[in-house]
Each structure stands twice: as structure tokens, then as C-alpha cells.
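Observations on chain architecture
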Amino acid sequence: MQRSADIGTHAHNAGLMQCHAGMSEVELRSFIEHVFLLNGAAGPSYTTIVAGGENGNCLHHLASPDILRDGQLVLVDAGCEFAGYASDITRTYPVNGKFSPAQREIYELVLAAQEAAIQAVKPGVVWSQLNKICDDTLFQGLEKLGFQLTRTKEAGGKLSLDDLMPHGLGHWLGLDVHDVGEKTLPGVRNKNERPLSPGMVFTVEPGLYLKADDERIPARYRGINVRIEDNIRVTDSGYAVLTSAAFKSVADIEQMMEYALGMRREGGDYMPVVPAKHKP
Ligand SMILES: [Mn+2]
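**Digging into the overall build of the protein chain**
Helix and strand content of the protein chain: six helices and 11 strands. Over its C-alpha atoms the protein chain spans a radius of gyration of 19 Å, differing by no more than 12% from the 19 Å that the globule rule assigns to 280 residues. Overall, the protein chain is about 55 × 50 × 30 Å in size when its C-alpha atoms are taken along their principal axes. Looking at the protein chain residue by residue over its 280 residues, the buried ones come to 52%. Within the protein chain, one finds 27 positive and 35 negative side-chain charges whose respective centroids are separated by 3 Å.

**As for the side chain of Glu254**
Relative to the elements of secondary structure, Glu254 occurs in helix α6 (residues 250-265). Engagement of the side chain of Glu254 in a polar contact is seen with the backbone nitrogen of Phe99, the distance being 2.9 Å. Beyond its immediate chain neighbours, meaning those up to four positions away, Glu254 contacts Gly97, Lys98 and Phe99.

**Re the environment of Arg104**
If you trace the backbone, Arg104 turns up in helix α3 (residues 101-119). Between the C-alpha atom of Arg104 and that of Met23, which follows or precedes it by 81 residues, the distance is 22 Å. If sequence neighbours within four positions are ignored, Arg104 has contacts with Phe99 and Val250.

**A look at the nonpolar core**
Core analysis: the largest hydrophobic core is formed by 68 residues, its most contacted members being Leu28, Phe147, Leu196 and Phe202. Broken down by element, the residue count for this core peaks at nine residues, all from α3.

**Some points on the coordination of the manganese ion**
Here the manganese ion is held by the protein donor atoms Asp88 (OD), His171 (NE2), Glu205 (OE) and Glu229 (OE), which lie 2.0 to 2.4 Å from it. Along the chain, the residues that donate to the manganese ion are spaced as D-x82-H-x33-E-x23-E. Taken as a pair, His171 in the loop between α5 (161-164) and β7 (201-204) and Glu205 in the loop between β7 and β8 (207-209) lie far apart in primary sequence, 34 residues in all. In this pair, the class of His171 matches that of Glu205, namely buried.

**Here's the deal with the sheet that holds strand β2 (residues 49-52)**
What links the strands of a sheet is backbone hydrogen bonding, and the strands pair in either a parallel or an antiparallel sense. The strand order across the open sheet built from three strands is β2-β3-β6, with neighbouring strands paired in antiparallel fashion. This sheet does not close on itself; its edge strands, each paired only once, are β2 and β6 (89-94). On average, each strand axis in the sheet is tilted by 10 degrees relative to the strand beside it, whichever way the strands run.

**Thoughts on the state of the cysteines**
Applying the stated criterion across every chain yields a total of zero disulfides. Here Cys19 is not cross-linked by a disulfide; its sulfur's nearest cysteine counterpart is in Cys58, at 19 Å.

**Some words on the packing of aromatic side chains**
The tally for this structure, following the rule as stated, stands at five aromatic pairs. Plain terms: the ring middles of Phe99 and Tyr107 are 4.9 Å apart, the flat faces sit at 45 degrees to each other, and that makes the pair tilted. Here Phe99 falls in the buried class, since its relative accessible area comes to 7%. The buried category is assigned to Tyr107, whose relative accessible area is 0%. Pairing Trp127 with Phe202 gives two aromatic rings, centres 5.2 Å apart and planes at 65 degrees, and the pair type is edge-to-face.

**Looking at the pattern of salt bridges**
Counted by the stated rule, this structure contains 12 salt bridges. Between Glu108 and Arg104 there is a salt bridge, with its nearest N and O atoms 3.7 Å apart. Residue Glu108 and its partner Arg104 are both found in helix α3; the two are separated by four residues, about one turn of the helix. Relative accessible area serves as the criterion here: at 36%, Arg104 is assigned to the partly exposed category. In this structure, Asp230 and Lys248 form a salt bridge, with 2.8 Å as the shortest nitrogen-oxygen distance. Placement of Asp230 in strand β10 (residues 230-234) and of Lys248 in the loop between β11 (239-241) and α6 is noted, with a sequence separation of 18 residues between them.

**Some details on the pairing of β6**
Taken across its six residues, β6 has six buried, putting it largely inside the fold. Going residue by residue along β6, you find Ile89, Arg91 and Tyr93 tucked away on one face and Thr90, Thr92 and Pro94 tucked away on the opposite face as well. Two elements, strand β3 (residues 73-78) and β6, share six bridges in a ladder whose sense is antiparallel. Looking at β6, one finds that Val74 is bridged to Tyr93.

Parameters and conventions
Residues numbered from 1 in each chain as written. Predicted model: local features only at pLDDT ≥ 70, side-chain atom pairs only at ≥ 80, totals over all residues. Heavy atoms only, no water. Helix = DSSP H or I, 4+ residues; strand = E, 2+ residues; numbered from the N terminus. Rg over C-alpha atoms; globule rule 2.2 N^0.38 Å. Buried < 20%, exposed > 50% of the residue type's maximum accessible area, 1.4 Å probe, protein only. Lys, Arg positive; Asp, Glu negative; His and termini not counted. Charge placed at Lys NZ, Arg CZ, Asp CG, Glu CD. Polar contact = N/O pair within 3.5 Å; in protein donor to acceptor, adjacent residues only side chain to side chain. Contact = heavy atoms within 4.5 Å. Core = buried A, V, L, I, M, F, W, Y, C linked by side-chain atoms within 4.5 Å. Donors = N, O, S within 2.8 Å, 3.2 Å for Na, K, Ca; no water. Pairing = 2+ DSSP bridges. Axes fitted to C-alpha atoms, helices over the stretch in contact; angles between N-to-C directions. Disulfide = S-S within 2.5 Å. Phe/Tyr/Trp six-rings, centres within 6.5 Å; stacked < 30°, edge-to-face > 60°. Salt bridge = Lys/Arg side-chain N within 4 Å of Asp/Glu carboxyl O.

Any link to function would need more than the numbers given here.
Here is the structure:
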């Protein structure tokens, strides 16, 4: 699983460094999948999602011929299969390499929610606790940014957190990208009640999807869609992030994209092969 995560991580980093305004979603998808294959993966572990700008609002948008444009964010959800095991990684970054102030505010909020949930992972914790940590962070952060919203969907049409993050926080990961494990313990009715134990692997992937035409959303944030996803293993005392090398902080993303842009101007290219440290 670590090797699968490593290949996935390198493909994401390579894709980020290849991304530029004027390339299409399918072009970025095929570049990422090329890096999967080059490094010995059997292929993608699910259909790669590359979604520029508004397309990010569709949760399972498949890469289309749409052109990635200056000023847009691009959401990339891609993982590979290695020796039968899946990785599942999402990164969101600015097509032109520089976050706008509004994009950055939403991005850093999703990142804070993801990191808060990950930091709470240890044996004995249950999913509903992780969900609450994520939701609390998002809810408070959005209020600070001027959103008026309710916690859960209710009648009356008021904006709710459920409207902005319409999917779960994560899922088990293993031989399948959405692996089994929902109801396999006596007395456990669903994933939310299952205590974590060492060796379990799952994703943590909060997102915010702010529709361009939803007037309940503060105008400056409309059209911004962000998801961030890493692969987490429960250890004896806490957690390990299998995908921690995939560029994620605003500083890392902006620096690496600027570096890649300079390299391409000089005719260079970034096509990494994963270092062999985790080779079986
Ligand atoms: Mn996932």
C-alpha cells in the first residue's frame, strides 16, 4: 500500500508541475496515468477525475476536453493500483500556479479541517468523532468568512454545511478503493461506530463546493471547489500519512509550480520515476 501511495504521490506532484493554462483536463489526466504506468502500477485504481473551475462541482466529473484556464482551480482525484492495492489521492491547485485571495481562504479552511481530523486519528477513535472535528472546523471557518449557514440541511432553503460538503469524510482503502469493513464487527451497525485499530487504512477527504450561481454564498467565493484527500494508516499510538509527500501547503504548491514554470520556459520537463525505497 505504501508503494501504491508513493506512485500516486509522485504522479500528483508530476501533474501539478506539468499543469498550465491552455492544457485540457484529459491532457492532465493522461499525463498522471502515464506516470502511474511508468512506475510499475497496473493502472488507475478508479477513473481519474480532473475538473477545472466549475467542473469541480460535479463530484465524479470525468476528465473532459475542457481547457484549464488562467484563474481557475483544478481538482485532481487520482490513485493507482500496485500489486492489487489501491491509493486514492485528491489535490486542488490553481491552474496558473498562484491562489487568488478568495481561493486561498477556502483552500486553507479545507486543509485545516483535514489536518484537524487526521491529527485525531488513533486506536479507539470512531468515525463520528472525526466527522465532528471536520464539521466544526469547516462550520466555524465559514462563519468567519461571512457565510450564514445551518449545520445540517433543513426546510426553508437556508444554506447548510451539508449543501457545501455533500459527501462523507472518507472510506476504507485496501484491495478496493472503497474497501470492505462497514459492518464486520458484532454490534457495529455502520462505519461511524467502528473503533479504529492499528493497521486500518482509510482516506480523509473533506471538500467545499461553492456553486457559481448560489446567491446564498458570499459573492467572492462563488465558483470555488476544493477537495483534499490523503491516505491514512492507524498505528499503535496514532497515525501515519501514506501520501504525505504530495505537495499540499499553499507555499509548497506555489513554489513547486513556479519552479516548474521556470524549468519549462528553459525547455526542461519534470517526469519523475519513484525512488526505489519501497520496492518489494
Ligand atoms: Mn476517496
